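Structural features, examined
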Amino acid sequence: MLKHKKYIYVATGKYFIKVRVLKNRDENSPDSYIIVSKNIKKPRNALVKKLEDLPIEVRDKISKLA
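Here's a quick rundown of the structure. Not measured: the values here are computed from a predicted model. Here the residue index of a chain counts from 1 through its sequence in written order. Per-residue local features are limited, in this predicted model, to residues with pLDDT of at least 70; the limit for side-chain atom pairs, both in listing and counting, is 80 or more; totals at the level of whole chains, interfaces and linings are taken over all residues. Excluding hydrogens and water, the side-chain figures rest on all heavy atoms present in the structure.

Considering the packing of aromatic side chains
To keep things clear, this is the line we draw: To pair, rings of Phe, Tyr and Trp, with the six-membered ring standing in for Trp, must have centres within 6.5 Å; the planes then decide the type, stacked if under 30 degrees apart, edge-to-face if over 60, and tilted in the middle. Our definition puts a charge over a ring when NZ of Lys or CZ of Arg is within 6 Å of the ring centre and also within 35 degrees of the ring normal.
Applying the stated criterion across every chain yields a total of 0 aromatic pairs. Lys18 extends its terminal NZ or CZ atom over the ring of Tyr7, reaching a point 4.4 Å from the ring centre. Directly above the aromatic system of Tyr7 lies the positively charged group of Arg20, at a separation of 5.7 Å from the ring centroid.

Overview of the sheet that holds strand β4 (residues 48-49)
For clarity, the cut-off: Pairing between two strands is assigned when DSSP locates at least 2 bridges connecting them. Secondary structure elements follow DSSP: runs of H or I no shorter than four residues count as helices, runs of E no shorter than two count as strands, and numbering proceeds from the N terminus. Note on contacts: a residue pair qualifies if any of its non-hydrogen atoms lie within 4.5 Å across the two residues. Note on geometry: axes are lines fitted to C-alpha atoms, helical ones only across the stretch in contact, with angles between N-to-C directions running from 0 to 180 degrees.
Taken together, 4 strands build an open sheet; the order of strands is β3-β2-β1-β4 and the sheet is mixed. Sheet topology places β3 (33-40) and β4 at the edges, where each strand pairs with a single neighbour. Relative to β4, strand β1 (residues 7-12) is paired through 2 bridges, and the arrangement is parallel. Bridge assignment links Tyr9 to a residue of β4, and that residue is Val48. Contacts between helix α1 (residues 56-65) and the sheet are confined to β1, β2 (15-21) and β3, with β3 contributing the most and set at about 30° to the helix.

Here we look at the layout of surface pockets
Here is the rule we go by: Cavity: a set of points on a 1 Å grid over the protein atoms alone where a 1.4 Å probe fits but cannot get out. Pocket: an open set with protein on both sides within 12 Å along at least five of seven lines, its lining residues, like those of a cavity, having an atom within 4 Å of a point. Grid points are joined across faces, edges and corners, and a volume is the space filled by probe spheres set on the points. In the scheme used here, Gly and all other residues not listed as nonpolar or charged are polar, with Ala, Val, Leu, Ile, Met, Phe, Trp, Tyr, Cys and Pro taken as nonpolar and Asp, Glu, Lys and Arg as charged.
In this model, the largest pocket occupies a volume close to 200 Å³. A per-class count over the lining of the largest pocket returns 6 nonpolar, 1 polar and 5 charged.

In structure tokens, the structure reads:
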């Protein structure tokens, strides 16, 4: 379920990476993003972000997974 915009999906080609976003922290802080799972298909109503829109530290973690 997509409740309260807790999760975003990061596009990495054919698949997406599910990322939990913590609301009580700064949006640009790498601590506010927790990688939940990788290589999944996106739900219909999900928020999709590009990899370039995330902080550098989070991009590095996602690059290692993909």
